[in-house]
Amino acid sequence: EVANKIRKYIVLPPGVVGNPESRFEVTQLPSGDVIDVKIRRSSGNAALDAAVDRAIHKSSPLPKPPHPEFFERVLDIPYQPREKD
């Protein structure tokens, strides 16, 4: 899954307090190659936002959906340092 692949590349910066959420818009090719990443909502921590941005780029190519008809060119990807239970 896309979120799990991105999460494994994130290096959390020191001093992240709480569980701030950021949201990214990721444009990809049908191959899963990432061609653009835009932050849509900042977590309020510039270092954390930059770490997530880097992780998204490192995750390219992103995993493909199980069926080609589920492919989305533009993905909305939320991120929080601590997964919700």
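If you're wondering where the values come from, they're calculated on a predicted model, not measured in any experiment.

Peer 1: What should I look at first to understand the sheet that holds strand β1 (residues 22-28) in this one?
Peer 2: Spatially, three strands are ordered β2-β1-β3 in an open sheet, and the strand pairing comes out antiparallel. Each edge of the sheet is formed by a strand with only one pairing partner; in this case those strands are β2 (34-41) and β3 (74-79). Going across the sheet, the axis of each strand differs from the next one's by a mean of 25°, ignoring polarity. In the sheet, β1 pairs with β3 via six bridges, with the strands oriented antiparallel.

Peer 1: I tried to follow the nonpolar core on my own but got confused; where do I start?
Peer 2: When a protein is soluble and globular, its nonpolar side chains tend to lie buried together. I6, V26, V52, I56 and L62 are the most contacted members of the largest nonpolar core, which has 16 residues in total. The set of elements that each furnish at least two residues to this core consists of α1 (2-9), β1, β2, α2 (46-58) and β3. Ignoring anything within four residues of it in the chain, the contact list for V26 reads V34, D36, V37, I56, L62, R73, V74, L75 and I77.

Criteria and thresholds
Residues numbered from 1 in each chain as written. Predicted model: local features only at pLDDT ≥ 70, side-chain atom pairs only at ≥ 80, totals over all residues. Heavy atoms only, no water. Pairing = 2+ DSSP bridges. Helix = DSSP H or I, 4+ residues; strand = E, 2+ residues; numbered from the N terminus. Axes fitted to C-alpha atoms, helices over the stretch in contact; angles between N-to-C directions. Core = buried A, V, L, I, M, F, W, Y, C linked by side-chain atoms within 4.5 Å. Buried < 20%, exposed > 50% of the residue type's maximum accessible area, 1.4 Å probe, protein only. Contact = heavy atoms within 4.5 Å.

Without other data, these values stay purely geometric and don't point to any function.
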